[in-house]
Structures are given as C-alpha cells and as structure tokens.
Amino acid sequence: MATKHPEIAILGAGIGGLALAIGLLSQNPPVPCIVYEAASKFDAIGAGIGLGPNALKSMELMSPEFARLYDEIKVGNGRAEKLHEQFEIFSATEGFGEKEGWKGGSVGHKRFTRSSAHRKALLEAMQGLIQEGTVRFGKKVVDITQSDREVSMHFADGEVIKCDVVVGCDGIKGMTRKVVLGERWPQEISAKYCDTYIYRGIAPMKEAREIIGDYALDAKWFMTKSKGWAMYPITKGEEVNIVAFIQDKNGWTGEQAAREVSREEMLSEFVGFDERLFKLLDYVKPMKWPLFHHPDTPTYINGRVCLLGDCAHASSPSQAAGAGQGLEDALILSRVLSLVKCSSQLDAALKVYDSIRRPRAQNVVRESREVGEAYFLTHPDFGHDLQKITNEANKRLPLIWWYDLEGDVKKAVVAFNTLTQNMLLRRRKR
C-alpha cells in the first residue's frame, strides 16, 4: 500500500524555504510540499552571500543537482594563490597596517576553497529545482491555529488552508516565531540588536581595482577600533560586494529596518580609514542597516509548527555562517520528514529536528556575536592584535566548516526510528 505523506506547508520562499522544498522533493520517493510566499514574485533582498564547506555539503547531501547549479554561479578569490583563503585581515587605517609591519593575516585552510555568489543568482538557481506549482505567491499568513492533529493557516486574502505541519521560513521577523514561542517565551519573540549597523554597496570590479588595486580581487576584512570593512568578489568576479560595519552601543530605536542618512553623515563615520577605502564609499549607499539576531531560542517547535533558518537562529555575519546553518536545517528536516509514514509520526520527526539542529545553530549565533567583538578590536582576549585574531579564526572556522553533517543525518534517522518504535510499543500495550 502506498504511503500517504503528510501535507507539508513551508512559509517563505527565501533560501531556507526553497532549500527545504528541494530537500523534500529530492527524496526517493519525493515528499510533496507547498511553499507559500507573501510577495507577488521571487525577490532577492541583499547582495553577496558566502557559503562554507558545511553549506556546500548540505547542498550535496540534499541534491547533487543543487550543488552542481551552485558551482555554476559561485565565484572564489581572484588570484590562484588566494584560492584556499576565506579572507585576509588588514588594518583599515592608512596603509592597511604596512607602516607597522603588518603584511596581512590569512584566514583559510588547505582543504577550504572560498566561494560566494550574488543572492539573486543563488535564488534563481534554486527556483530551477522547484516544480511548477510548488510555490504559491501573494499568500501572506496573518494567523496560525492548531488542533491536536491539524494546523490551519489564515491568509490575508481570506483563504484558510489546513495541513499537517507548517515550517516557518519567514525570516528574522517572521510571524511563525510568535506562534512557536509566544505562550511560553514571549520575551524571545523579537530579535535582539547586535550593537552593530552596516552600510552596503556593490562596486564594479574594474572601478574597484582602479581605486584599490589587487586588494579588490580577493576577500578582505579591514579592521579598526569599533569599525570594519569586508569586501569580496561576486557576480562571477564582475562586481565587488562591500559591507562596512559600525559598532553601536547606543541601542537601536524604532523599527527594525534600514534607515536613510545623509551622505555627509555616512562619510563622517569613516574618517581615519585608508583613502582607498574612503573612495570606494562612492559605491556605498547612505543607509544604516541594523543587525539583529536570535541568540536564545529555547525551542524550534510548538505542536506541528517549527522554525527553520533566520526565524529560528538569525545571526550576525561575522563568521559568514548564517545561510549555511539554514541549509543544514533543511538537510536534517527534509531527511526526517521523508521517514514519516503517517501524520502521527510527525511529532517524533520535529522533536528529532529540534534536538539535533538547535544546539549547533544557537552556538554559531552566540559565537558570531563574540567574533564580532574581536573584529571590532574590542574583545579583551585579543585587543588590537591582528595576529592573535587571525590565529583564532584559523582554529575556530574549521569547526564550522567540517562539522560531521553525515553523522547528524545518521543520528536523526536512528533517533526517529527509536521514537516511533517506542510509540508503537506503547500503543500495543494499551
């Protein structure tokens, strides 16, 4: 007799939501699902995105075709000698530290190959792996209610859709976070300010090289007290993504959204930077983007609603690990949901997902905040010592990059089988 898969609803067609859909549809047999997206069409907010070996491994384990498509759009460092470098650390002050004898701190590994892509290109590649009709646009959820065995999604257009499980992939401010945490941990619904805001920009590679030379070809992180500047190639090396960081201990008031400022105000923040970086500000928008995160999520599940990606564990970008954690979520959740033979086993699947993913992802979030302090040269253990910061990064990042994902998949399968077998035994004893 054929297995009737539970009805799975995914809220949000960003990287996390589409990755989960890809993971489910790539199972053997495919696990059907529907993605509900509030926007009227696919939309890519943001610019560059960096993915480490753990993220690429998650893609490969979910769908070899997913990994292959990413290979077609990714870009690494521009020079062969920088192939295995995540980024190189320099001072942001005049001369990049050369006057003090600093020649740059290489962060990387011989097994590591840097890759990044434009977020829009990645989402377009992912869309190609989703069957037509899987994503429904213009579907904004305004409420979610649950009975013992059923979840009802109430949409702004008046439609009510019932399903067996809802996976919230609706971002850092997603309403599913309130559904999961509201009754027990209301203080954890809203994201917390990282005491940091950023300015963003994209410069054509040709113009960037004219200003800063070969520094534009490879990923760089320029550091000074309470400020920083990261840049790396995207769009097949035709553009350079720029993210400038400002430490802000005054708190963020008002809406959790970008705030336009005058160009004069923005420029004043970078007085004392090397003149080459200062000139690149011509390509940076005078918009302050506040960084928020979710460092203390007590659970990813409530009944038949669970969280995935940024709505579960939004992170500061200090380790370039946020998107990778969302892909790891999609890998584990798609695998355990593929094991479900009837809706009564969904609780076991979600419990396993939470027990495996939450400790790992929350640790990355908290660690990323601390790393940010180091990169602002304000961490008491490192101060202004760029060599110490470089050495620590080379110890820490491989623990994220070569985490045993295949081991987690095996643990998930064993844990799920154990829970469902015990559930069956208890039923037989009644």
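Right, let's walk through the structure included here.

Quick notes on the rules
Residues numbered from 1 in each chain as written. Predicted model: local features only at pLDDT ≥ 70, side-chain atom pairs only at ≥ 80, totals over all residues. Heavy atoms only, no water. 1 Å grid on protein atoms, 1.4 Å probe; cavity = no way out; pocket = protein on both sides within 12 Å on 5 of 7 lines; lining within 4 Å. Points joined across faces, edges and corners; volume = space filled by probe spheres on them. Helix = DSSP H or I, 4+ residues; strand = E, 2+ residues; numbered from the N terminus. Nonpolar A, V, L, I, M, F, W, Y, C, P; charged D, E, K, R; others polar. Phe/Tyr/Trp six-rings, centres within 6.5 Å; stacked < 30°, edge-to-face > 60°. Buried < 20%, exposed > 50% of the residue type's maximum accessible area, 1.4 Å probe, protein only. Lys NZ or Arg CZ within 6 Å of the ring centre and 35° of its normal. Lys, Arg positive; Asp, Glu negative; His and termini not counted. Salt bridge = Lys/Arg side-chain N within 4 Å of Asp/Glu carboxyl O. Polar contact = N/O pair within 3.5 Å; in protein donor to acceptor, adjacent residues only side chain to side chain. Contact = heavy atoms within 4.5 Å. Pairing = 2+ DSSP bridges.

So, about the layout of surface pockets. Remark: the empty space left among the atoms is shown by a probe the size of a water molecule rolled over them. If you add up the space inside the second largest pocket, you get close to 170 Å³. For the lining of the second largest pocket, the elements supplying multiple residues, two or more each, are β8 (141-146) and α5 (176-181). Top element by residues in the lining of the second largest pocket is β8. It accounts for 4 residues. Here the residues of the lining of the second largest pocket are counted per class, giving 2 nonpolar, 5 polar and 3 charged.

Okay, the packing of aromatic side chains next. Inspection of every chain in the model, using the stated rule, returns 22 aromatic pairs. Each ring, one from Tyr193 and one from Trp252, has its centre 6.0 Å from the other, and the planes form 45°; the classification is tilted. Within this pair, whereas Tyr193 is found in strand β12 (residues 192-204), its partner Trp252 is found in the loop between β15 (239-247) and β16 (259-260), the two being separated by 59 residues in sequence. Looking at Tyr193, the relative accessible area reads 12%, which means it is buried. Accessibility expressed as a relative area gives 14% for Trp252, which makes it buried. For the pair Trp221 and Phe245, a centre-to-centre distance of 5.3 Å together with 15° between the ring planes defines the contact as stacked. A residue pair is termed long-range when its members are at least 10 positions apart, and Trp221 in strand β13 (residues 220-224) and Phe245 in strand β15 qualify at 24 residues. Looking at Phe245, the relative accessible area reads 7%, which means it is buried. Cluster of aromatic residues (ring-pair linked, three or more members): Tyr193, Tyr197, Tyr199, Trp229, Trp252, Phe270, Phe273 and Phe292. Looking at Arg114, its charged tip hangs above the ring of Tyr232, at a distance of 4.8 Å from the centre.

Under the counting rule described, the total for this entry stands at 2 cavities of 30 Å³ or more. As a volume, the largest cavity reaches approximately 150 Å³. What lines the largest cavity is a set of 18 residues, and nearest its centre among them are Thr196, Phe245, Ser318, Gly372 and Phe376. Broken down by secondary-structure element, the contributors of at least two residues to the lining of the largest cavity are β12, β14 (227-234), β15 and α11 (346-375). A per-element tally of the lining of the largest cavity places α11 first, with 5 residues. What the second largest cavity holds in volume is close to 50 Å³. Every residue lining the second largest cavity is listed: Gly50, Leu51, Gly52, Asn54, Ala55, Gln319, Ala320, Ala321, Gly324, Ile400 and Trp401.

As a further point, take the side chain of Glu37. Considering the arrangement of structural elements, one finds Glu37 in strand β2 (residues 34-37). Buried and unpaired, Glu37 has no salt bridge, with Lys140 as the nearest side chain of opposite charge at 11 Å. Side-chain polar atoms of Glu37 contact the backbone nitrogen of Ala39, separated by 3.0 Å. If we ignore the near neighbours within four places in the chain, the residues touching Glu37 are Gly12, Ala13, Val135, Arg136, Phe137, Gly138 and Lys139.

So, on to the pattern of salt bridges. Following the criterion strictly, the structure yields 31 salt bridges and no others. For Lys74, the salt bridge is made with Asp71, and the minimal N-O distance between the two is 3.0 Å. On the accessibility criterion, Asp71 (43% relative accessible area) is partly exposed. The shortest N-O distance in the salt bridge between Asp296 and Lys192 comes to 4.0 Å. One end of the pair, Asp296, is in the loop between β17 (287-293) and β18 (301-302); the other, Lys192, is in strand β12, with 104 residues separating them in the sequence. Looking at Asp296, the relative accessible area reads 36%, which means it is partly exposed. A relative accessible area of 28% places Lys192 in the partly exposed class. The network of salt bridges with shared partners includes Arg79, Lys82, Glu85, Glu88, Asp218 and Lys220.

Spatial ordering of the open sheet is given by β7-β2-β1-β11-β19-β18, a layout of 6 strands whose pairing is mixed. Each end of this open sheet is capped by a strand with a single partner; those strands are β7 (135-137) and β18. Examined bridge by bridge, β2 and β7 share 3 bridges and lie parallel to one another. Looking at β7, one finds that Glu37 is bridged to Phe137.

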